[in-house]
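Chain residues, written in single-letter form:
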Amino acid sequence: MTNEFLLAGFGGQGILFAGKLLAYVGLYAGKEVSWLPSYGPEMRGGTCNCSVTVSDDPIGSPLILEPSELMVMNTPSFDKFIGTVKAGGMAFIDSTLVDGKTDRTDIKCFWIPATGLANENGLKGMANIILTGKILKETGLDDMAVIEKALAKVIPPKKANLLDANLKALKLGMDA
Amino acid sequence: MAEKSLMKGNEALAEAAIRAGCKCFFGYPITPQTEISAYLSKRMPKVGGTFLQAESEVAAINMVYGCAGSGIRCMTSSSSPGISLKAEGISYIAGADLPCVIIDVVRGGPGLGGIQPSQADYWQITKGLAHGDFHVLVYAPASVQEMADMVAKAFDMADEYRMPAMILADGLLGQMMEPVEFPDVEIKMSDASNKPWAANGHKGERKHNIINSLYLQPQELEDKVVERFKRYEDLKANHTMAVADYCDDADIVVVAYGSTARLAKSAVDAARKEGLKVGMFRPVTLWPFPEKELREATKNAKKVLTVEMSMGQMIDDVKLAINCSKPVEFYGRTGGIIPAPADILNKIKEMGGNK
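Residues numbered from 1 in each chain as written. Chains lettered and ligands numbered in written order. Predicted model: local features only at pLDDT ≥ 70, side-chain atom pairs only at ≥ 80, totals over all residues.

Asks: Give a description of the overall build of chain A that names residues and reports values.
Replies: Each helix and strand counted, chain A has six helices and six strands in total. Put simply, chain A runs from its N terminus to its C terminus through helices and strands in the order β-α-β-β-β-α-β-β-α-α-α-α. Here the C-alpha radius of gyration of chain A, 15 Å, is about what a compact globule of 176 residues would show, namely 16 Å. Summarising its shape, the C-alpha atoms of chain A cover approximately 40 × 40 × 35 Å along the three principal directions. (Helix = DSSP H or I, 4+ residues; strand = E, 2+ residues; numbered from the N terminus. Rg over C-alpha atoms; globule rule 2.2 N^0.38 Å.)

Below is the structure:
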């Protein structure tokens, strides 16, 4: 079993952080993982994406051109990547921010108003975590003990007070 | 052993350098290797070492020259244009027979080029790094774990053979995160205690040592160079490294190094799933090039395919190793474009990969 996640949005939305969380969930679930960011002169406000592979087998290419799971948090990324999702794959779309539609019927699209949900629940800035929760649920990487361990690892010590809010966001996403 | 954690290739390399006894780092920032400097700027002072951001790449490599002369394990890192600037200093270090480790996290070129991954420095690093008759050891990791493992190896070999050792990585390996663990390494020769040549103060107890690369008497210089090349011959005979997968029955053997080997391996695995007889050969040392290992891996092959993130540079060494005894084709992308495994697979099929 191999999951090839492509996460995309604007810099500052927590795309790389969400990718790191997925990678640590994979690592603590005993799988092979790789995390590859796009890097370039563009930073805050520019487009940003990252490739995360979680697999039972050793990972060849860490670069994902045809994701099995796509998470998008802005319209340019949606337009750019929705066509690249593997047939039978899934797309997780922040419908608060993405203005678009697709006629693809060979993939499963989850339109989740993640940014709206975050704002309504006092979780401003955690739309990325809400979407990640949904991804973990739908891909079966949803062992809560593993997820909590991964979350504790990726949240920097200085922000440890945000652990509960992140957990709340994850659960909100899982039930969305 | 400690639990594995995720680290960027650049950071894993930096941590491994400290664990290998590197006591001094001299650098100058450049994408995509800056995480090495950033990491060491935090860690080096905590282990009693020296981190120094020099005023330029040229200054940094000359600080390495001086530090290496005192017998202390030291390192510098840069990316392509910065390595060109360091070239003169590297030649002096080689000419003075000093050990050090130099990291090149390659980006697209020539000129300032771009900042995305590339392998277009192969010729420069393995053949024409700077003036004079000399080589440096070159290791090409293909994973974050290898970024860590090869630093320790590079320090040991540099000390043993008294020559610079380089790690040739690229932006992809430097920036990606993978699980990594740091085995307890036995540090050999990390200080000057067993380096009788070191210029580290003689306290009037021995004859002073001279570190120099200037020999005005031709015979003396020729003798020096010939002695150095004898060491190179020993390296060629005993210290090449390569990984071969499914080569025994392969009609086509794909040759690729570093991160490109990862991409090529994905294509080779896909080809095997379709029943195509394709093998994979990955040189781990680029100098010395694993010639005999490649000859062995390709002895039953009909064709060879070299894949690189350049216009084709390592392909020269592939042809030389097999003495052009069979066709060697090339597929590559350059300028920071990463070759897609699907495109490599297409090339394999175009070459007539048979079931």
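Okay, back to it.
Asks: Account for the interface of chain A and chain B, naming residues and giving values.
Replies: Each partner contributes residues to the interface: chain A has 15 residues there, and chain B has 18 residues. Listed by contribution, the elements that provide at least two residues to the side of chain A that touches chain B are α1 (15-28) and β2 (32-37) of chain A. With five residues, the top contributor of residues to the side of chain A that touches chain B is β2(A). Tallied by class, residues from the side of chain A that touches chain B come to 11 nonpolar, four polar and no charged. (Contact = placed C-beta atoms within 7 Å. Nonpolar A, V, L, I, M, F, W, Y, C, P; charged D, E, K, R; others polar.)

Asks: Now, about the sheet that holds strand β11 (residues 278-283) of chain B: what can you tell me, with residues and values included?
Replies: All names here are of chain B. On the basis of which strands lie adjacent, the open sheet formed by five strands has the order β9-β11-β10-β13-β14 and mixed pairing. Single-partner strands in this sheet number two, and they are β9 (242-245) and β14 (328-332). Shown here is a sheet whose adjacent strand axes are inclined to one another by a mean of 20 degrees, direction ignored. Relative to strand β13 (residues 303-308), strand β10 (residues 252-255) runs parallel, the two being bridged by four bridges. (Pairing = 2+ DSSP bridges. Axes fitted to C-alpha atoms, helices over the stretch in contact; angles between N-to-C directions.)

Asks: How would you sum up the confidence of the model for chain B? Please name residues and give values.
Replies: Mean pLDDT for chain B: 95, with 98% of residues reaching 70 or above. Taken together, the chains of this predicted complex give a pTM of 0.94 and an interface ipTM of 0.92. (pLDDT = per-residue confidence, 0-100.)

Asks: Lay out the nonpolar core in plain terms, naming residues and giving numbers.
Replies: Formed by 166 residues in total, the largest nonpolar core has its most connected members in A:Ile130, B:Leu13, B:Val64, B:Val151 and B:Val254. If one sorts the elements of this core by residue count, α1(A) sits on top with 10 residues. When residues of this core are sorted by domain, at least three fall in each of domain 1 (5-189 + 212-238) and domain 2 (243-350) of chain B. Discounting residues that sit within four places of it in the chain, B:Val254 has contacts with B:Ala264, B:Val268, B:Val278, B:Gly279, B:Met280, B:Leu305, B:Val307 and B:Ile348. (Core = buried A, V, L, I, M, F, W, Y, C linked by C-beta atoms within 7 Å. Buried ≥ 20, exposed ≤ 12 C-beta atoms within 10 Å, placed from the backbone. Domains from an automatic or database assignment.)

Asks: I'd like to hear about the environment of B:Ile61, residue by residue, with values.
Replies: Residues and elements named next belong to chain B. Within the fold, Ile61 resides in helix α3 (residues 57-69). A residue is classified by how many C-beta atoms lie within 10 Å of it, and Ile61, with 29 of them, is buried. It is 27 Å that separates the C-alpha atoms of Ile61 and Met176, two residues lying 115 residues apart in sequence.

Asks: Now, about the domain arrangement of chain B: what can you tell me, with residues and values included?
Replies: Residue and element names in this part refer to chain B. In terms of domains, chain B is made up of domain 1 (5-189 + 212-238) and domain 2 (243-350). Summarising the inter-unit geometry, the C-alpha centres of domain 1 and domain 2 are found 26 Å apart. Each side of the interface is counted separately: domain 1 has 25 residues, and domain 2 has 22 residues. Looking at the side of domain 1 that touches domain 2, the elements with two or more residues in it are α5 (122-126), β6 (137-139), β7 (164-170), α7 (171-175) and α8 (218-238).

Asks: Account for unusual backbone geometry, naming residues and giving values.
Replies: Residues and elements named next belong to chain B. A cis amide bond links Thr31 to the next residue, Pro32, at an omega of 0 degrees. For Pro32, the position within the fold is in the loop between β2 (24-27) and α2 (34-43). The residue Asp97 is not glycine, and still its phi comes out positive at about 55 degrees. For Asp97, the location among the structural elements is in the loop between α4 (80-95) and β5 (100-106).

Asks: Give a description of the sheet that holds β5(B) that names residues and reports values.
Replies: Residues and elements named next belong to chain B. Strand order in the open sheet formed by seven strands is β3-β2-β4-β5-β7-β6-β12, with mixed pairing between adjacent strands. Edge positions in the sheet fall to β3 (50-53) and β12 (285-287), since each has one partner strand and no second. In this sheet, adjacent strand axes meet at a mean angle of 20 degrees when their direction is disregarded. Alignment of β2 against strand β4 (residues 74-78), held across two bridges, turns out to be parallel. Each residue of the ladder has a partner; that of Phe25, found in β4, is Met75. This element, α3, spans β2, β3, β4 and β5 of the sheet and lies at about 165 degrees to β4.

Asks: Describe the pairing of strand β1 (residues 2-10) of chain A, listing the residues and the values that go with them.
Replies: All names here are of chain A. In terms of residue burial, β1 counts as a mostly covered element, since seven of its nine residues are buried. Sheet topology places β1 next to strand β3 (residues 47-55); nine bridges connect them, and they run antiparallel. Directly across from Ala8, in β3, lies its bridge partner Asn49.

Asks: Kindly report on the packing of α1(A) against helix α4 (residues 127-139) of chain A, identifying the contributing residues and their values.
Replies: Residues and elements named next belong to chain A. Direction vectors running N to C along α1 and α4 enclose 30 degrees, while the axes themselves pass 10 Å from each other. One element, α1, and the other, α4, form an angle in the roughly parallel class. Here the hand of the crossing between α1 and α4 comes out right-handed. Where α1 abuts α4, its residues Ile15, Phe17, Ala18, Leu21, Leu22 and Val25 lie against Asn128, Ile129, Thr132 and Leu136. (Parallel < 35°, antiparallel > 145°, perpendicular 65-115°, else oblique. Left-handed = near helix turned anticlockwise from the far one by under 90°.)

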